[in-house]
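# Structural features, examined
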Amino acid sequence: MIENQKIRPAQVIGPLGEPLTIESLPPASTTRWVVRRKAEVVSAVNGGLLSVDEACERYGLSLEEFASWQRAVDRSGMPGLRVTRIQHYRTLYERQQKY
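Residues numbered from 1 in each chain as written. Predicted model: local features only at pLDDT ≥ 70, side-chain atom pairs only at ≥ 80, totals over all residues. Heavy atoms only, no water.

The chain is annotated in an unreviewed UniProt entry as DUF1153 domain-containing protein from Allosphingosinicella ginsenosidimutans.

### Considerations on the overall build of the chain
Rules: A run of DSSP states H or I qualifies as a helix once it reaches four residues; a run of E qualifies as a strand once it reaches two. Both are numbered from the N-terminal end. Summary of the burial criterion: residues with accessible area below 20% of their type's maximum are buried, those above 50% are exposed, and those between are partly exposed, where the area comes from a 1.4 Å probe applied to protein chains only. Residue contacts follow a heavy-atom distance rule, with two residues in contact if any of their heavy atoms lie within 4.5 Å. The protein chains shown are the only cover counted for residues, whose accessible areas, like all others here, come from Shrake-Rupley with a 1.4 Å probe.
Scanning the chain from N- to C-terminus turns up four helices and two strands. Listing each helix as α and each strand as β along the chain from the N terminus yields β-β-α-α-α-α. For the chain, buried positions account for 26% of its 99 residues. Within the chain, contacts between residues separated by at least 24 positions form 54% of all contacts whose residues are at least 6 apart in sequence. Accessible area for the chain stands at about 6800 Å²; split by element, carbon and sulfur atoms hold 51% of it.

### As for the environment of valine 45
Position of valine 45 relative to the elements: it lies in helix α1 (residues 35-47). Distance from valine 45 to valine 12, taken between C-alpha atoms, is 9.4 Å for residues 33 residues apart in sequence. The contact partners of valine 45, leaving out residues within four places of it in the chain, are Leu50, Ser51, Val52, Ala55, Phe66 and Gln70.

As structure tokens, then:
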């Protein structure tokens, strides 16, 4: 009997509908995080291509930072990842929770 076997997909669907593989993810040396790159990392984790720990280690992210990206995608999609619009989407989400 095989227990705790890690089976990972060879590819997952990215945020723009394209296939993502480990090789097509942003490089580990990425320092400029545009919306598309953040969304690709979140998609890779959600699809099982990377674990949260692997993504944080590979990209030098804190767990809180990655969780904020994931929350932004869940709430507002890719536009929620825009740094210039974070406050707008946060306020919008809080208003929706009240009603």
